[in-house]
Amino acid sequence: MSDDIYREIILDHYRNPRNKGKIQNADVSIHDSNPLCGDEIDIHLKVDGDKIKDIKFEGRGCAISQASASMLTEMVMNKQLASVKDLTKDDILENIGLMNLGPARIKCALLSLKVLKLGMVKYYADRDPASAKKLQDDTRTL
Amino acid sequence: MQKGALNVEKIRKDFPILKRKVMGGKPLVYLDNAATTQKPLAVIDAIHDYYMNYNSNIHRAVHQLAEEATKAYEDTRVKIAKFINARSTDEIIFTRNTTEAINLVAYSWGRANIKKDDRIVITEIEHHSNIVPWQILTQEKGAKLEYIGVGDDGYLKMHEYKKYLDSGKVKLVSVSHMSNVLGTITPINDIINMAHEKGIPVLVDGAQSVPHMPVDVQKLDCEFMAFSAHKMLGPTGVGVLYVKRELLEKMPPFMGGGDMIKEVHKYETRYNDLPYKFEGGTPNIADVIGFAAAIDYLQKIGMDRVREHEIDITKYALDRVAQVKGVTIYGPMNAIDRGGVVSFNIGDIHPHDLATIMNDHGVAIRSGHHCAQVLMERLDVAATSRASFYIYNTKEEVDVFIDALSEARRLFKI
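Residues numbered from 1 in each chain as written. Chains lettered and ligands numbered in written order. Predicted model: local features only at pLDDT ≥ 70, side-chain atom pairs only at ≥ 80, totals over all residues. Heavy atoms only, no water.

1. Notes on helix α5 (residues 89-96) of chain A
Residues and elements named next belong to chain A. Turning to α5, its buried residues number three or more, namely Ile92, Leu93 and Ile96. Taken around the axis of α5, the buried residues stretch over an arc of 95 degrees, which confines them to a single face. Buried residues along α5 sit in contact with α2 (8-15), α3 (63-76) and α6 (105-127). Directly beyond the C-terminal end of α5, a positive phi value near 75 degrees is found at Gly97. (Buried < 20%, exposed > 50% of the residue type's maximum accessible area, 1.4 Å probe, protein only. Helix = DSSP H or I, 4+ residues; strand = E, 2+ residues; numbered from the N terminus. Arc of directions from axis to C-beta. Contact = heavy atoms within 4.5 Å.)

Below, the structure written as structure tokens:
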């Protein structure tokens, strides 16, 4: 079980996180945490038109939460917000290759998606309230 | 869900305590269900299973037992949300009982929203748990408590309610769905609609209704609903507060501590997501898990059939009690307008004396003020006797109760 979880790619992203850091003059910055093990993630976004021009994250926590965040930034970099908006829990779990996490650890894997969606809620708040509301609802099921 | 009338004999087999003999060999006739109900084996087994096999704290650890316990605990929340038709499990908060649920609203929503000279409307039929928290709040804030009166027929005086609403000062209406003494089912739809026309939120005390009839919070459209597990086959120590999400999101936490937090720093704390923000401290895990078995049991029967059975047995009991010489029955005489509760007095027999005589016959009834002293004052009595029914009670048991009543009359020469 642990062999499956802590594969090389997870440990690599954990020790060498991609897109880690801050963005000066980010369009959106958002923070959330997972009370289970105190995982914390901040996501900063730079948006150009409807595209994620840059994404960086800061955080600390378990290998799953941090590797998942790192992999998520790679996944959504330069993508249209419209497509990122629809990312599901399964998309993330497939992306990181961990489909069988228990109910507690799954929260670690999904924290960064939740933070990203909360960031987009903030971004859409004035521009597109309907999308903001849908995204807000999405985060509740994560 | 099953069809047709309840198979009470079959149901009785699921309740081990009903086999008990009391008072030196008399079969137990348990007619104190409005106070607390008996528990089916499924509920007792669920609690036993938790302690035997997966006792563990929830929401924190990642080991197998913790994950099993967390899942079982959260599954109950899902079942409750379905049972009362809440939009989301986020709207279901576990408390210790109905009383704590109402206090949570008073301390959290109430402190943030009630100001000087505001009014809170309740009724004369309320249980103490829907009076005292509002007294504390209104006294603290310099606000005022108003009571909708109850007529001699057991029905609420709705013209008084309208008058209060017209004052323009009412900020909350908090009303029992069913009286634990009179059995009166209040006109809750009218009460809620009239309040909503003025933009006023409504708390429904469902302690006596949720266990006995289908209750749909979305249809009712109430802002708050409180009830307890132990009055619906579940364990003691578990209550539920339903709150519409729009309100819940703005409510400050009630009790600070573990589990209700996301991050705690030296001088500030970020609170956890709903509903955990309102569930500080290790909860009553075993009993919440036991509650799920109770909900399963009731849903298998179907709440419509629970209600039908109670109307049937209450009608029978009302008819028989009404024939007893010297008896005064309180509350509506039409079984359709009341729950399975018959409160009464007979001659000059004090309810405590009556209950003792009943007990000699193996009949468990309640006597006293039923935590409704405001109503006792209104009825101008010190106390009443109360027989209350549930799914496992039979007309034969009502007959035993009536025989015991005759014996009391004989002893007191009435």
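2. Notes on the sheet that holds strand β8 (residues 202-205) of chain B
Within a sheet, each strand pairs with its neighbour through backbone hydrogen bonds, oriented either parallel or antiparallel. Residues and elements named next belong to chain B. Taking strand neighbours across the sheet as the criterion, the seven strands line up as β4-β10-β9-β8-β7-β5-β6 in an open arrangement whose pairing is mixed. The sheet terminates laterally at β4 (92-95) and β6 (144-148), the two strands that pair on one side only. Taken over all neighbouring pairs, the strand axes of this sheet differ in orientation by 20 degrees on average, direction set aside. Sheet topology note: the β4/strand β10 (residues 239-243) ladder contains four bridges and is antiparallel. The partner of Ile93 across the bridge, within β10, is Leu241. Where helix α3 (residues 64-83) meets the sheet, its contacts fall on β4, β9 (224-228) and β10, and the angle it forms with β4 comes to roughly 120 degrees. (Pairing = 2+ DSSP bridges. Axes fitted to C-alpha atoms, helices over the stretch in contact; angles between N-to-C directions.)

3. Some thoughts on the packing of helix α2 (residues 41-54) of chain B against α3(B)
Residues and elements named next belong to chain B. Contact geometry for α2 and α3: axes closest at 10 Å, N-to-C directions at 165 degrees. When the interaxial angle is binned, α2 and α3 end up roughly antiparallel. As for how α2 packs across α3, the hand of that crossing is left-handed. Touching Tyr50, Asn53 and Tyr54 of α2 are Leu65, Glu68, Ala69 and Ala72, all from α3. For the contact of α2 with α3, the residue count by class is five nonpolar, one polar and one charged. (Parallel < 35°, antiparallel > 145°, perpendicular 65-115°, else oblique. Left-handed = near helix turned anticlockwise from the far one by under 90°. Nonpolar A, V, L, I, M, F, W, Y, C, P; charged D, E, K, R; others polar.)

4. Topic: the UniProt feature "domain: NIF system FeS cluster assembly NifU N-terminal" (unreviewed entry) in chain A
As recorded in UniProt, the feature "domain: NIF system FeS cluster assembly NifU N-terminal" (unreviewed entry) lies at residues 6-125 of chain A. Note that residues 6-125 of chain A is 47% helix and 22% strand, and that its end C-alpha atoms are spaced 38 Å apart. (UniProt positions renumbered as here; feature names shortened; annotations may be inferred.)

5. Quick notes on the packing of aromatic side chains
Considering all chains together, one arrives at ten aromatic pairs over all chains under this definition. Ring geometry for Tyr50(B) against Tyr54(B): centres 5.3 Å apart, planes inclined by 90 degrees, an arrangement best described as edge-to-face. One end of the pair is Tyr50(B) and the other is Tyr54(B), both in helix α2 and four residues apart, which spans about a single turn. This pair shows no difference in class: Tyr50(B) is buried, exactly as Tyr54(B) is. Their ring planes at 70 degrees and their centres at 5.9 Å tell us that Phe344(B) and Phe401(B) sit as a pair that is edge-to-face. Linking Phe344(B) in strand β14 (residues 341-346) with Phe401(B) in helix α14 (residues 395-411), this pair joins segments that are 57 residues apart in sequence. Among the aromatic residues, those joined into a cluster by ring pairs are Phe15(B), Tyr297(B), Tyr390(B) and Tyr392(B). Above the plane of the ring of Tyr123(A) lies Arg127(A), whose end atom (NZ or CZ) is 3.8 Å from the centre. (Phe/Tyr/Trp six-rings, centres within 6.5 Å; stacked < 30°, edge-to-face > 60°. Lys NZ or Arg CZ within 6 Å of the ring centre and 35° of its normal.)

6. A word on the side chain of His212(B)
Residues and elements named next belong to chain B. For His212, the position within the fold is in the loop between β8 and α8 (217-220). On the basis of relative accessible area, His212 is assigned to the buried category, the value being 4%. Not counting chain neighbours up to four residues away, the residues in contact with His212 comprise Met178, Lys231, Met303, Val306, Arg307, Glu310, Phe389 and Tyr390.

7. Examining the pattern of salt bridges
In this structure the tally under the stated criterion is 43 salt bridges over all chains. The shortest N-O distance in the salt bridge between Lys133(A) and Asp137(A) comes to 3.0 Å. Highlighted residues: Lys133(A) and Asp137(A), both in helix α7 (residues 129-140), separated by four residues, approximately one helical turn. Take Lys133(A): its relative accessible area is 53%, and that puts it in the exposed class. Among the salt bridges present, the one from Arg245(B) reaches Glu249(B), with a minimum N-O distance of 4.0 Å. Given a relative accessible area of 42%, Glu249(B) falls into the partly exposed group. Salt bridges linked by common partners bring Asp32(A), Lys114(A), Lys262(B), Glu263(B), Arg270(B) and Asp273(B) together as one network. (Salt bridge = Lys/Arg side-chain N within 4 Å of Asp/Glu carboxyl O.)

8. Focus: the packing of α3(A) against α5(A)
Residue and element names in this part refer to chain A. Packing of α3 against α5 brings their axes to within 10 Å, and their N-to-C directions diverge by 105 degrees. Taken together, the axes of α3 and α5 are roughly perpendicular relative to one another. Two secondary-structure elements touch here, α3 through Ser68, Met71, Leu72 and Met75 and α5 through Asp91, Ile92, Asn95 and Ile96.

9. Section: the confidence of the model for chain B
Mean pLDDT over chain B stands at 96; residues scoring 70 or higher make up 100%. As scored by the predictor, the complex reaches a pTM of 0.92 and an ipTM of 0.79. (pLDDT = per-residue confidence, 0-100.)

10. Notes on the pairing of strand β3 (residues 51-60) of chain A
All names here are of chain A. Sheet topology places strand β2 (residues 39-48) next to β3; nine bridges connect them, and they run antiparallel. Counterpart to Asp42 in the pairing with β3 is Glu58. Connecting the antiparallel pair β2 and β3 is a turn made up of two residues, with Gly49 showing a positive phi of about 65 degrees.

11. Examining the interface of chain B and chain A
Frequently, the measure chosen for interface size is the accessible area removed from exposure when the parts meet. With 14 residues of chain B at the interface, the matching set in chain A holds 13 residues. Here chain B meets chain A over a buried area of about 1,100 Å², counting both sides, of which 46% is carbon and sulfur. Of all residues in chain B, the largest losses of buried area upon contact with chain A belong to Arg60(B), Glu67(B) and Lys262(B), amounting jointly to 39% of the total for that side. At the junction of chain B and chain A, the tally comes to five salt bridges. When the shortest N-O distance is used, the salt bridge between Lys262(B) and Asp32(A) registers 2.8 Å. With three residues, strand β11 (residues 261-264) of chain B is the largest single contributor of residues to the side of chain B that touches chain A. (Buried area = accessible area lost by both parts, 1.4 Å probe.)

12. Considerations on the sheet that holds strand β17 (residues 384-388) of chain B
Residue and element names in this part refer to chain B. With antiparallel pairing, the four strands of this open sheet are ordered in space as β13-β14-β17-β16. A strand with exactly one partner marks an edge of an open sheet, and here the two such strands are β13 (327-330) and β16 (366-368). Going across the sheet, the axis of each strand differs from the next one's by a mean of 30 degrees, ignoring polarity. Examined bridge by bridge, β14 and β17 share four bridges and lie antiparallel to one another.

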